[in-house]
Structures are given as C-alpha cells and as structure tokens.
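This is what each chain is made of:
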Amino acid sequence: SGSAVADFQGMQFQYARARTDIEAARLLVYNAARLKEAGKPFLQEAAMAKLYASEIAASVASQCIDWLGGVGFTTGMPAEKFYRDSKIGTIYEGTSNIQLQTIAKHIQKDYK
C-alpha cells in the first residue's frame, strides 16, 4: 500500500504549524491567568488570549475538516464537533471585534 498522508512533508508542515499556533494560544491564556492570579492588570492580556485562541481554534478545526476530506464533516466525527464548537468561541463572551476594541483601548492608553 502507499504512504500515509501524514508522512508527506507538505502535510507535516501544516500540522506542525497548527500545533505551534495551539501552543501559542495556550501560552497567551496561561499568561492572562497568571496575571489575574497575581492581582495584576490582565484585561488586555485576557482579550488578546480570547481573540487569538478563539480564532486559532476555528482555523485549526477547519483545517482538520480539510485534512479528513468528506468524512471529516460527518456528524459524530470528533473533527466535526470541534469545528462546530469552535465557532462559538468567536461569539461567546464578546465577539472578536469587541476583543480587538479592548486591546486597542489599552494600546491607546499606554501611548498617551
């Protein structure tokens, strides 16, 4: 039989980038939590974490659907559920635009 799709360099680069993006999102979340637990200002960091993590979740879930082809969109497949669930991340507790607005306000305050 042939090679697994995951053995091809082009595919490896895609899932390596997805893993890197997920880890970067995780670190943004951890940093915001660390600041909050330390009693330090954290609103900008929390907004950045929510913005980035929700967008990465949607992007990576969409890529997974692409990688799996038609079967990835089948109800009951984990990738389909992650794809569906990831969409709420950009809406729930403030849309991405609200997060951007929060970040921008903090940037403006820092440079006034």
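Just so it is clear, the model here is predicted, and its values are computed rather than measured.

Each value, and the rule that gives it
- The numbering scheme is per chain: residues are counted from 1 as the chain's sequence reads.
- In view of the model being predicted, local features appear only for residues whose pLDDT reaches at least 70, and side-chain atom pairs are presented and counted only at 80 or more, with totals across whole chains, interfaces and linings using the full set of residues.
- The basis for every side-chain value is the complete set of non-hydrogen atoms in the structure, without hydrogens or water.
- Comment: elements are numbered from the N terminus, with helices defined as DSSP H or I runs of at least four residues and strands as E runs of at least two.
- Based on C-alpha atoms, the radius of gyration is set beside the globule rule, defined as 2.2 Å times the residue count to the power 0.38.
- For every residue, the accessible area (1.4 Å probe, protein chains only) is compared with the maximum for its type, and the residue is labelled buried under 20%, exposed over 50%, or partly exposed between those bounds.
- Any two residues whose heavy atoms approach within 4.5 Å are treated as being in contact.
- A score from 0 to 100, pLDDT tells how confident the predictor is in each residue.
- To estimate how far a helix should extend, the number of its residues minus one is multiplied by 1.5 Å.
- By definition, a salt bridge exists where a carboxyl oxygen of Asp or Glu is found within 4 Å of a side-chain nitrogen of Lys or Arg.
- Axes here mean lines fitted to C-alpha atoms, for a helix over just the part in contact, with angles spanning 0 to 180 degrees between N-to-C directions.
- Angles are sorted into four bins: roughly parallel if under 35 degrees, roughly antiparallel if over 145, roughly perpendicular if 65 to 115, and oblique for all others.
- Left-handed describes a crossing whose near helix is turned anticlockwise from the far helix by less than a right angle; the clockwise case is right-handed.
- Residues are grouped as follows: Ala, Val, Leu, Ile, Met, Phe, Trp, Tyr, Cys and Pro are nonpolar; Asp, Glu, Lys and Arg are charged; every other residue, Gly included, is polar.

Chemist: Would you take a moment to explain the overall build of the protein for this structure?
Modeler: When its secondary structure is counted, the protein shows four helices and zero strands. Taken against the 2.2 N^0.38 rule, which gives 13 Å for 112 residues, the C-alpha radius of gyration of the protein at 17 Å runs more than 25% over that of a compact globule. Based on the C-alpha atoms only, the size of the protein along its principal axes is roughly 65 × 30 × 25 Å. Within the span of the protein, comprising 112 residues, buried residues form 21% of the whole. In the protein, 58% of the contacts between residues at least 6 apart in sequence involve partners at least 24 apart.

Chemist: I'm lost on the confidence of the model for the protein in this one. Help?
Modeler: The predicted coordinates should not be examined in detail at positions where pLDDT is low. On average, residues of the protein score 92 in pLDDT, and 98% of them reach the 70 mark or higher. Per-element confidence in the protein ranges from a low mean pLDDT of 88 for helix α3 (residues 78-89) to a high of 97 for helix α1 (residues 9-37).

Chemist: Would you explain α1 in this entry?
Modeler: Note on helix geometry: an α-helix contains 3.6 residues per turn, so any two residues three or four positions apart are oriented the same way. End to end, α1 covers 42 Å across 29 residues, agreeing with the expected 42 Å (1.5 Å per residue, within 8%). Of the positions making up α1, those classed as buried are M11, A18, A25, A32 and L35. Of the residues trailing α1, G39 is marked for its positive phi of about 75 degrees.

Chemist: Got a minute to help me understand the pattern of salt bridges in this structure?
Modeler: When the charged atoms of two side chains lie near each other, side chains of opposite charge can form a pair. Applying the stated criterion to the full structure yields three salt bridges. The closest approach of N and O atoms between E80 and R84, which form a salt bridge, is 2.9 Å. Taken together, the residues E80 and R84, both in helix α3 and four residues apart, mark about one turn of the helix.

Chemist: What should I look at first to understand the packing of α1 against helix α2 (residues 43-68) in this one?
Modeler: Where α1 contacts α2, the two axes come as close as 9 Å, and the packing angle between them is 155 degrees. Accordingly, the angle class assigned to the pair α1 and α2 is roughly antiparallel. Of the two elements, α1 crosses α2, and the hand of that crossing is left-handed. Across the contact of α1 with α2, the residue classes tally to 18 nonpolar, three polar and two charged.

Chemist: Help me understand the environment of N97 in this model?
Modeler: One can find N97 in helix α4 (residues 96-110). Along the backbone, N97 and A24 are 73 residues apart, and their C-alpha atoms lie at a distance of 20 Å.

Chemist: Can you walk me through the environment of L27 in this structure?
Modeler: Along the chain, L27 falls in helix α1. In this structure, the C-alpha to C-alpha distance between L27 and K81, residues 54 residues apart in sequence, is 24 Å.

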